[in-house]
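# Residue-level structure breakdown
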Amino acid sequence: MVYSASVLAGTGDPGFLNGEGNIATFKAPTGITADESGNIFVSDTGNNALRKISLDGHVTTFAGKGGPGSEDGAGVSASFNSPHGIAFGTDGDVLVADSNNRKIREIDLQGVVTTLVGNDLDNISEESALNSSFKYPYGITVSRSGTVYVSDLYDNSISALSKDGTVKTIVGGESSSGTFKNLTGLAISSDDILFFADSENNVIRSISISCPAGYYRGDSFDKCNICSAGTYSNEGRVLLTR
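Residues numbered from 1 in each chain as written. Predicted model: local features only at pLDDT ≥ 70, side-chain atom pairs only at ≥ 80, totals over all residues. Heavy atoms only, no water.

What the five strands build is an open sheet, ordered β6-β10-β9-β8-β7; its pairing is antiparallel. On the outer flanks of this sheet lie β6 (73–74) and β7 (83–88), each paired with one strand and no other. Relative to strand β10 (residues 112–118), β6 runs antiparallel, the two being bridged by two bridges. Counterpart to Gly-73 in the pairing with β10 is Val-113. (Pairing = 2+ DSSP bridges. Helix = DSSP H or I, 4+ residues; strand = E, 2+ residues; numbered from the N terminus.)

And the structure:
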């Protein structure tokens, strides 16, 4: 079956105008996601803002003042610098990869923007969330248990942020010896397979983030621990499948 595409919002000309879909403008939008009600949220990368398209097609600025920056704050008083990937957390908050700021930002249900992970340092480190760092976070997705997965375009890696604030590189990085080249989009299936786009290698790869029955994921993301009580979580050992 062949489906036809229609324009939901935007005129085709770059700009930063809110309003009805047929008059609103964007500038190089990239990331997109939707909430359970059907509202659409867009990373408007060229405008350094997050836009919302409501069910009636009306476009508003959800967060970001338009100019580049890294200020936290409420809605349009906050600022971003080249936001890309966008996803919903399990608590309903919006998460966005703020690429040029090397941070993951979080927007709560009241529209308040805070920094969830990362700092301004141009290096990779695995520490607590605000002390960890990225080179260029790009894609983002969230598992059913609330673990946040982030692809780093320039580090050729994927990191996992657990709910306790621990950050761990689970794929690629300096130890990958050039296996991956520019990791971008991420998605997780219902059976806990993490798919990611290995852009310059022109392939889509997948890894399992599940532990088998009788095992659970401990503090380390790269192994499953046997569970003497017979219960286990649904995430753990990371296995590259293709």
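Turning our attention to the packing of aromatic side chains. Applying the stated criterion across every chain yields a total of four aromatic pairs. In textbook terms, an aromatic cluster arises when at least three aromatic residues are bridged by ring pairs, as seen for Phe-41, Phe-62 and Phe-88. Directly above the aromatic system of Phe-26 lies the positively charged group of Arg-51, at a separation of 4.8 Å from the ring centroid. Taking NZ or CZ as reference, Arg-105 lies 4.9 Å from the ring centre of Phe-80, over its face. (Phe/Tyr/Trp six-rings, centres within 6.5 Å; stacked < 30°, edge-to-face > 60°. Lys NZ or Arg CZ within 6 Å of the ring centre and 35° of its normal.)

Next up on the list: the sheet that holds strand β2 (residues 29–34). One open sheet accounts for five strands, arranged β1-β5-β4-β3-β2; its pairing is antiparallel. A strand with exactly one partner marks an edge of an open sheet, and here the two such strands are β1 (19–20) and β2. Pairing between strand β4 (residues 49–53) and strand β5 (residues 58–63): four bridges, direction antiparallel. Counterpart to Lys-52 in the pairing with β5 is Thr-60.

Along the chain, Asp-98 turns up in strand β8 (residues 94–98). Within the structure, the side chain of Asp-98 is placed 2.8 Å from the side chain of Asn-101, a separation counted as a polar contact. (Polar contact = N/O pair within 3.5 Å; in protein donor to acceptor, adjacent residues only side chain to side chain.)

Across five bridges, the pairing between strand β9 (residues 103–107) and β10 is antiparallel. Within the sheet, the bridge partner assigned to Glu-106 lies in β10 and is Thr-114.

Glancing now at unusual backbone geometry. At Asn-48, a position not held by glycine, the phi torsion is positive, near 55°. Using a relative accessible area of 8% as the deciding quantity, one classes Asn-48 as buried. The phi dihedral of Asp-192 is positive, around 65°, even though this residue is not glycine. Tracing the chain through its elements places Asp-192 in the loop between β15 (183–188) and β16 (193–198). (Buried < 20%, exposed > 50% of the residue type's maximum accessible area, 1.4 Å probe, protein only.)

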